[in-house]
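Chain by chain, the residues:
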Amino acid sequence: MTENVEVPKELDATIQSMDNRFHDIVTLDDRKSYTGYLVPVENLIDFATSIRDDLGYDYLSSVTGVDYFPEEKMEVVYHAYKTSGGGALVFKVQIPREKPEVPSLISVFPGSDFQEREAWDLLGIRFSGHPNLTRILMWEGFEGHPLRKDWKEPFFEEEKKPYKNRWPEGGVYRIEDEVPMGKNVKYPLGFDPQKWTPEEQTTFKEDMDSEAGDNGSNGSAMHTDQIVVNLGPQHPSTHGVFRMVARLDGETVVDLYPEMGYLHRNHEKIGERNTYIMNMPYTDRLDYISSMSNNLGYALAVESLMGIKPPERTEYIRVMMVELTRIVSHLWSIGFLLNDLGAFFTPALYAINERELILDIFEATAGSRMMCNYLRFGGISRDLPDGILETVRELVNERLPRKIDELDTYLTENEILRSRCIGVGVLSKEDAIAYSAAGPVLRASGVSYDVRRADPYSIYERFEFDVVVRYNGDVYDRYLVRMEEIRQSLRILHQVVRDIPEGEIQTGKALYQVRVPAGEAYGRVENPKGELGFYVVSNGKPNPWRYHIRAPSFINLTALGKMCKGEKVADVVAILGSIDIVLGETDR
Amino acid sequence: MTEGLNNPDIPIPDELAGSIAITTLDKIYNWGRRSSIWPMMFGLACCAIEMIATAASRYDLSRFGMEVMRPSPRQADLMIVSGTVTKKMIPVIVRLYNQMPEPKYVLAMGACASGGGPFKEGYNVVAGVDKFIPVDVYTPGCPPTPQALLHGLITLQKKIDKQSILKVNWYRKEAIPAIPIPILGPDLIDPRDYEKIRNLPPVQEESTAEA
Ligand code: SF4
């Protein structure tokens, strides 16, 4: 908590050093335990341009809205970072709730594209100047903006959990028996389905349609038709339920548009009804391949609000679990990239074999193979079982290095892999930063940015490891970054299993109902997919007021269209595979 | 291989025992089907990861003749609904189900597909795929372990064993009606519910008005 108050004072100096036209306009956010600056709506674009160009905050990590319902206002919160490292510059704009309208930052930070659309979709904040402000997770025509505090879902029971009918009263009923029709639906007043006409679902903007059908630039060129091809949502290469609409000229992609939301499971709405600890198992289901590291991001955010730190041993166990998770995720991703390239399932089988061995460790420790739900605020749910450290030692010192080398020999120099991947789906360094790409996608484009180094959390500053970076920004480099990161994770793990101390695993008592003081916090970790952030606002009650997830898979997709333009349609599959998305996190 | 098939009532001469089998039509028909159930290759959410793990080496789905995952619904016998069914996705799932040829089976994998699971209260979540398509086997778990999924699949095999070629509905004269595809309106609209929606009681209206 004390930390939270320190930060703005320090940052103030940076603002002071700015062009003095902002001195009188920008104010410090002086609510207790809040950080950052309040920027008037009119000056937002100027301010953003200035922090990017003059102060070097070139990376806009997160954009989200908060509905301060009792105060009748909405707030848009921006987190910007320097790609050279360091803490966040947080700035906010406040707008009246009846007419929430903010200028879009897409001209300054193109990476805000999808996030602004999400804020429009879920909170109804209008971003003027956004070229395509349509719903992104729900469908066009859906009634209402669900994350507003006065919007109630059809299965609404109470504002906050635990619901009284379960605890302490215990007269459990099924919600289906309480709502009309017994279904999870609600319609506007006097709605008649047969008189209603569906909203037009246009994927491509009008101006693009008009170009269709003609490819002859100078009259002499052959006339070919452009066609629109739909991939997904049920398509084996999309890694889940994801849809891409591509406009093709022959085999070449002219334009590509990602369409998501098919797995939008309302994490944030449910999360704001849940108590703090109840959200922990839900974080498992975000990026469901790396549940342990999702746990860590959320735990860090809430711990910083509570002002506690876990004991030594727990820190080591956390790092151990998170790095094992990174290996699992990268192995999975490499296996399935090969799947996408047409080497169906054999490479994936090799990868899954090793993954199973790590899952055994998770199962022995946390009780579940995938959904570990292992971390607690200020601790972990239980200590390591006897003998498991030996298994980990054996695995990370003997077997895995050997197996990774083996995979490396089979794949890295493979001619087919090289010719399918080198030079495909290139994302330049400037674009990677502008589009707020994160994780291996960012590092393969020549940006040496890893949250573990740039803004260390937990005990990462104690370990020796290299931030892997490659410079071509193509599919091959993303693959190489992942391969090398597995080795770096093993390096960290060597040090962890060597140094792990004995001791306590929980700071204070493990409580079911934690007390979280009012304030805001942003916890971010370097997840296997990229920077995962949790933005939590507490008002001192048992439930978070706002619970937002900055999902790397979601934001990395902003650059997908850019990467695919001009490539062959078969490469789209490889490019998507190289971004490595997990739909649970993309759609949340 | 023939042991399980032989009808015990009819003796086979010893010299032929290794090469012929006498059985009933139902038995051989079901034996063929139960040993080559081709699942559709599509995953919805977290449960799909465990489904893939089940297909991989350690649990090895091919022991049951089920490793041939088909990306096309036209070639699939079994739809494993492996994950949360959302309102945005259900029209696609119903369409895929309609496109599968008979005989077809549905296995609801995990808490979400069976009844909404942890996300049941979500505004974009369908509380169980059985609200729209008929389910043959429910597999509990979140996610079900590969062993649990295998148990579910073996249960499906047992179900197939009990069917009789004389009674199954896909050999009847009358066509099996397709399931009407839900529509995305202000909320999800099931075409079978038109009447009910029009006559919704005022309770619903009240709660909508204040929202
Ligand atoms: S049942 Fe659990 S593991 Fe399966 S899709 Fe639902 S949340 Fe994910």
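Reading guide: rules and limits
- Residues numbered from 1 in each chain as written.
- Chains lettered and ligands numbered in written order.
- Predicted model: local features only at pLDDT ≥ 70, side-chain atom pairs only at ≥ 80, totals over all residues.
- Heavy atoms only, no water.
- Near = heavy atom within 4 Å.
- Helix = DSSP H or I, 4+ residues; strand = E, 2+ residues; numbered from the N terminus.
- Nonpolar A, V, L, I, M, F, W, Y, C, P; charged D, E, K, R; others polar.
- Core = buried A, V, L, I, M, F, W, Y, C linked by side-chain atoms within 4.5 Å.
- Buried < 20%, exposed > 50% of the residue type's maximum accessible area, 1.4 Å probe, protein only.
- Contact = heavy atoms within 4.5 Å.
- Polar contact = N/O pair within 3.5 Å; in protein donor to acceptor, adjacent residues only side chain to side chain.
- Phe/Tyr/Trp six-rings, centres within 6.5 Å; stacked < 30°, edge-to-face > 60°.
- Lys NZ or Arg CZ within 6 Å of the ring centre and 35° of its normal.
- Patch = residues over 30% accessible without salt bridge, like charges linked within 9 Å, V, L, I, M, F, W, Y side chains within 5 Å.
- Areas by Shrake-Rupley, 256 points an atom, 1.4 Å probe, with all protein chains shown as cover.
- Salt bridge = Lys/Arg side-chain N within 4 Å of Asp/Glu carboxyl O.
- Pairing = 2+ DSSP bridges.
- Axes fitted to C-alpha atoms, helices over the stretch in contact; angles between N-to-C directions.

Caption draft 1: Quick look at the site of the ligand. Residue and element names in this part refer to chain B. Around the ligand there are 16 residues in total, and Cys46, Cys47, Ala111, Cys112 and Cys142 lie nearest to it. Of all the secondary-structure elements, those providing two or more residues to the shell around the ligand are α2 (46-55) and α4 (110-115). Of all the elements, α4 adds the most residues to the shell around the ligand, at 3 residues. Tallied by class, residues from the shell around the ligand come to 10 nonpolar, 4 polar and 2 charged.

Caption draft 2: Examining the nonpolar core more closely. Among the nonpolar cores identified, the biggest contains 240 residues, and Tyr78 of chain A together with Met79 of chain B are the most heavily contacted of them. With 16 residues, helix α8 (residues 312-341) of chain A is the largest single contributor of residues to this core. Residues contacting Met79 of chain B, with those up to four places away along its chain left out, are Met40, Phe42, Ile93, Leu96, Tyr97, Met100, Tyr105, Val106, Leu107 and Ile133 of chain B. In terms of nonpolar packing, the next biggest core, distinct from the first, is built from 5 residues, Ile270 and Tyr282 of chain A together with Cys112 and Val125 of chain B among them.

Caption draft 3: How the structure looks around the side chain of Asp67 of chain A. Residues and elements named next belong to chain A. Within the secondary structure layout, Asp67 lies in strand β3 (residues 59-68). In this structure Asp67 comes out as buried when scored by relative accessible area, which is 2%. Only 2.8 Å separates the side chain of Asp67 from the backbone nitrogen of Lys149, close enough to count as a polar contact. When near neighbours in sequence (up to four residues on either side) are disregarded, Asp67 contacts Lys73, Met74, Arg97, Leu123, Arg148, Lys149 and Trp545.

Caption draft 4: Representation of the packing of aromatic side chains within the structure. All names here are of chain A. Scanning the entire structure with this criterion turns up 23 aromatic pairs over all chains. Ring geometry for Phe344 versus Phe345: centroids 5.6 Å apart, planes at 25°, classification stacked. Of the residues examined, Phe345 reaches a relative accessible area of 16% and is grouped as buried. Cluster of aromatic residues (ring-pair linked, three or more members): Tyr316, Tyr457, Tyr460, Phe463 and Phe465. The lysine or arginine in question, Arg31, covers the ring of Tyr34, its NZ or CZ lying 4.2 Å from the ring centre.

Caption draft 5: Inspection of a nonpolar patch on the surface at higher detail. Residues and elements named next belong to chain B. A cluster of nonpolar side chains, Leu25, Ile28 and Trp31, forms an exposed patch at the surface whose accessible area comes to about 280 Å². Inspection of the secondary structure puts Leu25 in helix α1 (residues 25-34). Exposure remark for Leu25: the relative accessible area of 56% places this residue in the exposed category.

Caption draft 6: Representation of the sheet that holds strand β2 (residues 105-109) of chain B. Residue and element names in this part refer to chain B. The sheet built from 3 strands is open, its strands ordered β1-β2-β3 with parallel pairing. This sheet does not close on itself; its edge strands, each paired only once, are β1 (78-82) and β3 (137-139). Within the sheet, the average angular offset between the axes of one strand and its neighbour, ignoring direction, is 15°. In this sheet, β3 lies alongside β2 in parallel orientation, the contact comprising 3 bridges. Its bridge partner being in β3, Ala108 is matched across the sheet by Tyr138. Each of β1 and β2 is contacted by α2, which is oriented at about 130° to β1, the strand it contacts most.

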